[in-house]
Amino acid sequence: MELVKVTINNVTREYKKGTTFLEISKEYQQEYDNEIILVLMNGRLRELFKTVKEDCTIEFVTTAEESGMKTYKRGMILVMLRAIYRVLDRERIDKVRVEHSIGSGIYCELDGKDKLADTIIADVKQEMERLIEKDLPFMKRSIGTQEAIDLFRKYRMYDKEKLFRFRRVSKANIYNLDGFEDYYYGYMPPSTGMLKYFDLFPYHEGFILLLPNMSSPKVIPSFEPRPNLFKTLQIANRWGRMMEIETVGALNEQITKGNINDIILIQEALMEKRIAEIAEQIKSAGGKKFIMIAGPSSSGKTTFSHRLSIQLRTLGFKPHPIAVDDYFVNREDTPKDEFGNFNFESLHAIDVEQFNKDMKDLLDGKSVEIPSFNFKSGKREYKGNVKTLGPEDVLVIEGIHGLNDELSYALPKESKFRIYISALTQLNIDEHNRISTTDGRLIRRMVRDARTRGTSARETIAMWPSVRRGEEENIFPFQENADCMFNSALIYELSVLKQYAEPILFGIPCDCKEYLEAKRLLKFLDYFLGVSTEDIPKNSILKEFVGGSCFHV
C-alpha cells in the first residue's frame, strides 16, 4: 500500500495514494462553519472527487469564499436544469436561458412548446429537492472538442455547439448529473447533497433561482426585485437578440464572417440613441440643475458624462462637469477601513457639508469657486474655477455617492436628476454559463489602470475585493433611487479588451495568490476571438479604457 504525505493546517499526515479530497475533507468538516466544496492543492484549485497522487499541501475552500460560492451556484444551476429536463420532455424544450443576476437571484427563461405555468415551476422545485435529497454525484468526463460539438448538437444545445467550434483546446470537460450532460465554465461540487439552500419561483416571463451569498452561505436571502435594474437588463437582452448575438459563439461567428465593423456601428448607434433619450428625459422633467451620475468602478462614468453633456448642448443646455472627488477631505482626515487602509469609498471621505453649501449657493444664483483635489499632495486646492448658474446652466456631477441623498441633502429633490450607470453585459458564454458584469468591469479596470496609472494586473486584482465591498455598501443599495439607468456595456468589448488584458494577466507570477484569479480570467478570455480597435469611434466608452478617446478621460 503506497502512502503519500498531505500537509493540512501545518500538520502532515499520511494517506493511501488514491484517497479522494472528499474523504479527507470529511475528517475536517466539523472544524469549519461552512461546507467544504473545493480544495487548494499546492496553490491550485481541485474538485473534491479528485484523488491524492503525490505528497502535497492542501487548503480547504468553503462556500464562504468566492470560488466556493461560485461552485455552489454552478452546481445549483445544473441541478435546476436536470430537474427542468425531467419535468418537461426534452423535445418540448427549445432552450433554457440562464440570464442575469438580480440581487441574490438568477433570472432564467424557458423557450419551448409549453407555457411556463406556476405549477411547472413548483414541480421543478420539487424535483430539485428530490435530486438534492438523493445526494447524487456530479460525474466528470473529458471528451474531444469535435465530440463535444456533436454531443450538444444532439442535445439541441446549439449555443454550446457554436461555442466549441471556436475552441482551440482539443478537450472539453463534460459534467453528468443523473444522466443529464452539460458543459460549465468552472468547477463543480462533488455531489448534490451539499446544495441545501435555494428557492425557485416565477418572475415576469421567467423564474428566479434564489441562492445564498458567501457572507451567509447557509441563509436563503429575501428577494429584492429591483425593477429598474431588471428593466435595463431586459433591454440589453433585447439588443442582443435584435443583433442575433446573445452568446460568445454567436459573436465569434460574426467576427469570422467579417461583420464586426457593422456590429460596432450598430452598438454605438444604439448607445448614442439611449444617451439622447436620457437628455430628452432631463429636458422634459424641467427645472433640473444637478445631473447626478453614479455607478460602480469602470462603468465608463467619465465618457458618459461627456457624451450626455454634448446631447444636452443640442437641447440648449450649458452643462458643466463637477467631480465629487474634488470634495475629498484632506488625506489625513480620510476615514480608514477595518484593515487600517484609507477608505476613499466612504461617504465620510467627502466634505459633504462644503459640497452642499457650494451647490446650494449655486442654486441660489451666487458665484462659487469650485475646488480641485490634488491626489499627489492629498489636499483640496482652489485655482479660480468660479461658476455661476444661469437659466440654461446645469451641473453634471459624477461620483459614486450621487444617488445617495445624504450627499446632496441640502438640494431640493425637484432640482436633481439621478442616473445610475453600469456595464451590464448582454452577452453570455452560452445558454447556461453567464458572464458576470463584475468580470467585465474588472477586465476594463485592469486594462485602464495598466495604461494610465502603471498599476499591474496583480495589484488591480488584489484591490478588487475592497472595491467591491465599497460598491456593495455605497452604490448598489441606492441604484433603484435613479430616475433612469444607463447600460455602458458594449456587446463586442471583451473581444477588444482580450488583446490588452492577456499579456498583463500572463505577467502575474504563479506563486502569488492573485495567480488563481488571473488563470480563471485567461481561461475566460480564451473563449473570445480578438478584435482590433481601429474601427471603434473615438467617443466610444471603450476608448476610456484602451486609450485614444477624444475626451480627457
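Shown above is the structure to which this text applies.
Along each chain, residues carry numbers from 1 onward, in the same order as the chain's sequence is written. Note on the predicted model: pLDDT of at least 70 is required for a residue's local features to be given, and 80 or more for side-chain atom pairs to be given and counted; whole-chain, interface and lining totals, by contrast, use all residues. Hydrogens and waters are ignored; side-chain quantities use all the structure's heavy atoms.

Chemist: I'd like to hear about the overall build of the protein, residue by residue, with values.
Modeler: Counting secondary structure elements, the protein contains 15 helices and 21 strands. Summarising its shape, the C-alpha atoms of the protein cover approximately 85 × 55 × 45 Å along the three principal directions. The buried label applies to any residue whose accessible area, calculated with a 1.4 Å probe on protein chains only, is under 20% of its type's maximum; exposed applies above 50%, and partly exposed to all values in between. The proportion of buried residues among the 553 residues of the protein is 54%. Only heavy atoms enter the contact rule, under which two residues are in contact if any of them lie within 4.5 Å. Counting contacts in the protein only where the partners sit at least 6 residues apart, residues at least 24 apart contribute 73% of the total. Going along the chain from the N terminus, every DSSP run of H or I of four or more residues is numbered as a helix, and every run of E of two or more is numbered as a strand.

Chemist: So what about the nonpolar core? Which residues, and what values?
Modeler: Grouping buried Ala, Val, Leu, Ile, Met, Phe, Trp, Tyr and Cys residues that are joined through side-chain atoms within 4.5 Å yields what is termed a nonpolar core. Residues Leu308 and Leu505 are the most contacted members of the largest nonpolar core, which totals 136 residues. For this core, the element with the highest residue contribution is helix α2 (residues 66-87), accounting for eleven residues. For Leu505, the residues in contact, after removing those within four places along its chain, are Met446, Ala457, Ile461, Ala518, Leu521, Leu522 and Leu525. The next biggest cluster of nonpolar side chains, apart from the first, holds 21 residues, and it includes Ile322, Phe328, Phe355 and Leu407.

Chemist: Kindly report on the sheet that holds strand β3 (residues 36-41), identifying the contributing residues and their values.
Modeler: Within a sheet, adjacent strands bond to each other through the backbone by hydrogen bonds, running parallel or antiparallel. Pairing is mixed across the open sheet formed by five strands, whose spatial order is β2-β1-β5-β3-β4. Two strands bound the open sheet, and with one partner strand each, they are β2 (11-16) and β4 (44-47). Across the sheet, the mean angle separating the axes of adjacent strands is 40° when strand polarity is ignored. Strand pairing is assigned whenever DSSP identifies at least 2 bridges connecting the two strands. Examined bridge by bridge, β3 and β4 share four bridges and lie antiparallel to one another. Fitted lines through C-alpha atoms give the axes, limited to the stretch in contact for helices. The angle between two N-to-C directions lies from 0 to 180 degrees.

Chemist: So what's going on with the pairing of strand β13 (residues 290-294)? Which residues, and what values?
Modeler: Extensive coverage of β13 is indicated by the burial of five of its five residues. Neither face of β13 is left uncovered, since the one carrying Phe290, Met292 and Ala294 and the one carrying Ile291 and Ile293 both have all their residues buried. Of the strand pairs in this sheet, β13 and strand β19 (residues 393-398) are connected by four bridges, and their pairing is parallel. Note on β19: the bridge partner recorded for Phe290 is Leu395. When β13 meets strand β20 (residues 416-422), the two strands line up parallel, connected through five bridges. Looking across to β20, one finds that Phe290 is bridged to Lys416.

Chemist: Break down the side chain of Asn404 for me, citing the residues and quoting the values.
Modeler: Checked against the element boundaries, Asn404 lands in the loop between β19 and β20. Here Asn404 falls in the buried class, since its relative accessible area comes to 9%. Each residue touching Asn404, except ones within four places of it in the same chain, is listed here: Leu347 and Phe478.

Chemist: Kindly report on the pattern of salt bridges, identifying the contributing residues and their values.
Modeler: In what follows, salt bridge is the name for a side-chain nitrogen of Lys or Arg lying within 4 Å of a carboxyl oxygen of Asp or Glu. Applying the stated rule across the entire model yields 54 salt bridges. Across the pair Asp182 and Lys160 runs a salt bridge, and its minimum N-O distance is 2.9 Å. Taken as a pair, Asp182 in strand β10 (residues 180-183) and Lys160 in helix α5 (residues 158-165) lie far apart in primary sequence, 22 residues in all. We note that Asp182, like Lys160, is buried. A salt bridge links Arg445 to Asp449, with the shortest nitrogen-to-oxygen separation between them at 3.2 Å. With Arg445 and Asp449 both in helix α11 (residues 437-452) and four residues apart, the pair spans about one turn of that helix. Here Arg445 and Asp449 have matching classes, each one buried. Here the salt bridges do not stand alone but share partners, grouping Arg97, Glu99, Glu109, Asp111, Arg241 and Glu246 into one network.

Interpretation note: all reported values are geometric properties and have no functional meaning in isolation.
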